Each structure stands twice: as structure tokens, then as C-alpha cells.
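The lines below spell out each chain.
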Amino acid sequence: MPRRRWLLADQLGPHFLDDPDQPVLLVEALDLLRRRPLHRQKAHLILSALRHRAAELGDRALLLRTDTFRQALGRVGEPLEVCHPHSRAALRFARSVPGLTVLPSRGFITSQTDFAGWADRTRRGPLRMTDFYRDARRRHGVLSTATGPGRRPRAESRAAPVAPPPIVEDDIDAQVRRDLDRWAADGVRFVGRDGPRRHPATHTEAQARLTHFLTHRLPAYGHYADVMSGADPLLAHSTLSSSFNLGLLHPEPAVRAAERAWRDGTAPRAAVEPFIRGLLGWREFLWQLYWYVDPRHRGANWLAATEPVPQWFAELDADAVEARCLADVLAAVRDRAWTHHTPRLLVLANYALQRGWRPTEVADWFQRCFVDGTDWVMNATVIGMSQYADLARVDTHPYAVDGTDIDEISDYCAGCRYLPERALGDLACPYTGGFESFLHRNRVRLAFDARLAAELGRRDEPEHREAVLAQEEKRGSTPP
């Protein structure tokens, strides 16, 4: 009989087990909810996924509910094994438990050995996702032009994407909701609003959503991938990030299925390639970078941002905000615990960067408030990219833009009380004034960035500069 395997809450898919008869341990640790306030819908999804996995496994599963993981492991009177955890803290804990064997990591396409070999060869300069993605495509034979579509490729679709069918909750979800209500009454704090479960909690649900995406939404993905809309927060996105991060889906079959859609002519390369780049490129790169780079990376703060995240933002108080884009996106986080990557970077993280909020606090906020938030993603995505806290290791420029850039790719500015082209005055867009203030405050640090240096040069008239700096200092971190 194989050892009992402890499945963590982000290891819930079939690829985390090797033997059809292998016994399994699952643990709900209430201290994780007490320690810091999670979004209510994130907590629901995690507990629902754990309990659904236990129900699927039946008698093979031992589900323990304790205050801490150590308490649960102390109740198991047999040797245990666990697949490599997905955070440094969890790995340290696992290695501290007597009798617990830590297995190699799984759930990713590129091995840590292959990544280290690539990174060691390129250490003469910063590690860039585009370079890694090019290498990964070659190594795994993905989107090879030598074997292109067998049929005439389909033109990129601009039709309104078909929304995925809603998740149907069951008795497990009902019990999770009752438990969360009871814990909230006992003093456990959550952020955000409760709502129907919108994200898969089982491999079957996740696979059904992936199939729907490949059929109905992938053909339009290239057109809608970087667009923002208050009328349609989903657009053509798969909304499967939480399914991959809970381990319900393995990324490689998803990459191959998207590639088949291109080869079969059912989706254009312009739609397939950005979806694959997100999985084989960004997701793999961020995971590998988390383990390859020294953990002190999390403490880096290249732009010396020192302001705390304000309470209105931390508490998802969208009603306090007048700027239409920020109000809508913050409300989406409050009501759904999810937005796609463009609002995250250009609305939420961009505003935090302009205001000089502490990168580690911003990363913690994203991790707690999004259903797909994980330490390994937020460490590099938020701290390294959006907050520009460690330029040399992650990306080539900060994700800082003004209101006119947001206007170009969204429908938010129409009807907003602010004007995106204005940096000064009562109608000045807080993103446009904030962007100029960010440039002026960091002019020395950003001098080598050609794009930002050019932006700074266009805004460097002394009287205008001082007026913008005074205006934005007065605005500070108050709700715009």
C-alpha cells in the first residue's frame, strides 16, 4: 500500500496522485482564516474545493478540521508524503515535520532543472519572460511554424464572446457557506461580499469550463485580451486562473488543446498565441522565478515606495471612489474576487504605483482579495512588475500609464467626472496627474527608461510640474 499523501489546497487535481488506491489526507486549518482577512469568496472556493475532493475520493480520503496543520498531522499515526508545496513558508513547514516526505514539484510544464539551466546561461543580463517563453516553446515544440494549420486558419473573431454557463452549487457549498457565516459571527474577518460560487471547485467543473472556453471564447481572445469594459468584465477570458492555481487543471493539456484549435483552423494564431503565452510563458516563468531568485527579492523596493495601503482600498470600498475605472474594478474585486490581468495592472496596481504604496502590502492585498491569489504569483507580478520594486529581475519597465492610455483600451472614461487628458484642475484625471507626479518624483531612477524619459520630457515645464506635484501631494492616498 502506498504512503498516504497529503494534498494541499492547491494540489487538488488528479495529476497530484499516482496510484488509484493511494490514501489521501486533506486538512482544513482554521488559523489560515484567522491570521489575515481573506476575501469571502476566496475562502469559500478553497473550502469547497477541499471538501469536493474529499467527497470524490470517498473512503480513501481522511479530511481533518483543526486549528493548525501541525495539529492535524499529529493526529495521523502513519508516515506521510506531500508534493513540493507552492510557497516557501509551506515548504519550510513541511520539512520541519518528522516523517513527512517532500516529493518533487508538479503541476507545471518546465522543470526547475531546465529553468535553472536556462537562467544560468542568461545571467549576464536580467531574466526576461520573453526570452524564457521563446526557449520554452522551442523545448516543448509548441506553435512550431513548421507544422502550421492543416485547414485554412479562421479569421480572428470580434463577435461578443459567449459567457460560460454558471456554476451550480450543491450541498457542499451550502455547508461551506453556513460554516463561513458561523465563523464570521465568531469574529473571523473577511473582506468582500459573499456571492454565488463563480469558479470551479472540481477537476470536472474546471475541464468543462476549459472546453467551453476553447470552443466559444478562444477565437476572440486575441481581440479582447487586453481590453477593459465596464459592461462585460469577462470578455473573452477563460476565468480559469484559480483552477490552475488550485491544481484542478494541469497547464500542459490546456496548452496542447489550444494549439490543436489553431492547427485545426478553429481559432486564429492571433488568439491562441497570447493564451498559450500566459500559461507556458508568464505562469511558468513566475513560478520558476519564485524559487530561483533569492527570497530577499520580496523585500526589494527599488522606487522606495513607503506609503501604507489606505483603508478604503484595503476594505474594497468602491463606493468611496468617483474615478469610474477604479470604482468599477474595485467593485468587481469586492463582488467577484476577480478581474482579468489588464484591470489588475493598469487600474489597481498602476494606481498603487503612482501613489507610492508599499509593494509588499500591495502584493498581500492582491493575494488575499483575488480567488487566484498565490504567493509565488504575487511576489513577482506585483512586487517586481507592477510596482517596479526589483527592475533587474523581472521586467523592463514599470506598468505606469496615464488616463489617456486607459481611455484607449476601455469604455471607462466616457461618463467619468474626470477628463483623461487633463493633469491639472478639478476635472484632472487622478491617473494622469498621478502619472506625472510619479515621473517627477522618480526622475533620477527612471532616467534610463526611454519611454518614461520621453514622457517626462513632454511634461517638464517647471511651473506645470510644481503645480502637478502640489496637487497630487494634496490628493495623496484619499479616494479619487
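Residues numbered from 1 in each chain as written. Predicted model: local features only at pLDDT ≥ 70, side-chain atom pairs only at ≥ 80, totals over all residues. Heavy atoms only, no water.

Engineer: Any chance you could explain the packing of helix α19 (residues 430-441) against helix α20 (residues 450-457) here in plain terms?
Structural biologist: How two helices pack is summed up by the angle between their axes together with the distance between the axes. Two numbers describe how α19 lies on α20: the axes approach to 10 Å, and their chain directions differ by 105°. Between α19 and α20, the angle is such that the two are roughly perpendicular. Judged by residue contacts, Phe435, Leu439 and His440 of α19 engage Leu452, Glu455 and Leu456 from α20. Residue composition of the contact of α19 with α20, by class: four nonpolar, one polar and one charged. (Axes fitted to C-alpha atoms, helices over the stretch in contact; angles between N-to-C directions. Helix = DSSP H or I, 4+ residues; strand = E, 2+ residues; numbered from the N terminus. Parallel < 35°, antiparallel > 145°, perpendicular 65-115°, else oblique. Contact = heavy atoms within 4.5 Å. Nonpolar A, V, L, I, M, F, W, Y, C, P; charged D, E, K, R; others polar.)

Engineer: Just to check I follow, could you spell out the sheet that holds strand β5 (residues 80-83) for this structure?
Structural biologist: Remark on secondary structure: sheet strands pair via backbone hydrogen bonds, oriented parallel or antiparallel. Taken in spatial order, the five strands of this open sheet run β4-β2-β1-β5-β6, and their pairing is parallel. Two strands close off the open sheet at either side, each with one partner strand: β4 (61-66) and β6 (100-103). In this sheet, adjacent strand axes meet at a mean angle of 30° when their direction is disregarded. Relative to β6, β5 runs parallel, the two sharing four bridges. Across the sheet, the residue bridging to Glu81 is Thr101, located in β6. (Pairing = 2+ DSSP bridges.)

Engineer: Just to check I follow, could you spell out α19 for this structure?
Structural biologist: Helical periodicity: at 3.6 residues per turn, an α-helix aligns residues three or four positions apart in one direction. Here α19 contains 12 residues, and its C-alpha end-to-end distance of 16 Å stays within 8% of the 16 Å for a straight helix at 1.5 Å per residue. Counting buried residues along α19, 11 of its 12 residues qualify, which places the element largely inside the surrounding structure. (Expected span 1.5 Å × (residues − 1). Buried < 20%, exposed > 50% of the residue type's maximum accessible area, 1.4 Å probe, protein only.)

Engineer: In this structure, what is going on with the environment of Arg475? I would like to understand it.
Structural biologist: Note on placement: Arg475 falls in helix α21 (residues 462-475). Since its relative accessible area comes to 15%, Arg475 is described here as buried. Along the chain, Arg475 and Gly434 lie 41 residues apart, while their C-alpha atoms are 9.2 Å from each other. Each residue touching Arg475, except ones within four places of it in the same chain, is listed here: Tyr351, Arg355, Tyr418, Ala428, Pro430 and Pro480.

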